[in-house]
Amino acid sequence: MKKKGDSFLRGILITLIVFALLFSGGVMLLKRVDRVTADAETEMVRSAVRAAALTCYAVEGAYPQDLDYLQKHYGLAYDDDIYLVAYDAFASNIMPDIMVMVRGDDSLW
């Protein structure tokens, strides 16, 4: 014959297991949302650099040689503490290579 205490402990154990599963699923979901948001923000910075370079080309007829020019003359702004922007201008009439990375993000390596 089963005791009342055994079914109570079993109920508590099942409740704890379900809670742990729901909690871990929530944590995984939040991590995924955070990663998607970070990727979208990185893409926005890349798009801003590209748009500033294209605007410069349309106005002046040449792509700028560095990011400082875009920041001073075309209002380009991004957080240097968060993003590392690689801007490689080969020639004034060829679109520069633009890469944006999050500082301290080792998922790229």
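See the structure printed just above.
Residues numbered from 1 in each chain as written. Predicted model: local features only at pLDDT ≥ 70, side-chain atom pairs only at ≥ 80, totals over all residues. Heavy atoms only, no water.

Caption draft 1: Main features of the overall build of the chain. Broken down by element type, the chain carries two helices and two strands. Secondary structure of the chain in N-to-C order comes out as α-α-β-β. For the C-alpha atoms alone, the extent of the chain along its principal axes is close to 90 × 25 × 20 Å. Looking at the 109 residues of the chain, the share that counts as buried comes to 20%. (Helix = DSSP H or I, 4+ residues; strand = E, 2+ residues; numbered from the N terminus. Buried < 20%, exposed > 50% of the residue type's maximum accessible area, 1.4 Å probe, protein only.)

Caption draft 2: Structural view of the packing of aromatic side chains. Counted according to the given criterion, the structure contains three aromatic pairs. For the pair Phe-19 and Phe-23, a centre-to-centre distance of 6.2 Å together with 20° between the ring planes defines the contact as stacked. Separated by four residues within a single helix, Phe-19 and Phe-23 lie in helix α1 (residues 4-60), roughly one turn from each other. Pair check on accessibility: Phe-19 and Phe-23 agree, each one exposed. Look at Tyr-57 and Tyr-63: their rings are 4.3 Å apart centre to centre, the planes differ by 15°, and that puts the pair in the stacked class. (Phe/Tyr/Trp six-rings, centres within 6.5 Å; stacked < 30°, edge-to-face > 60°.)

By themselves, these figures tell us nothing about what the structure is for.
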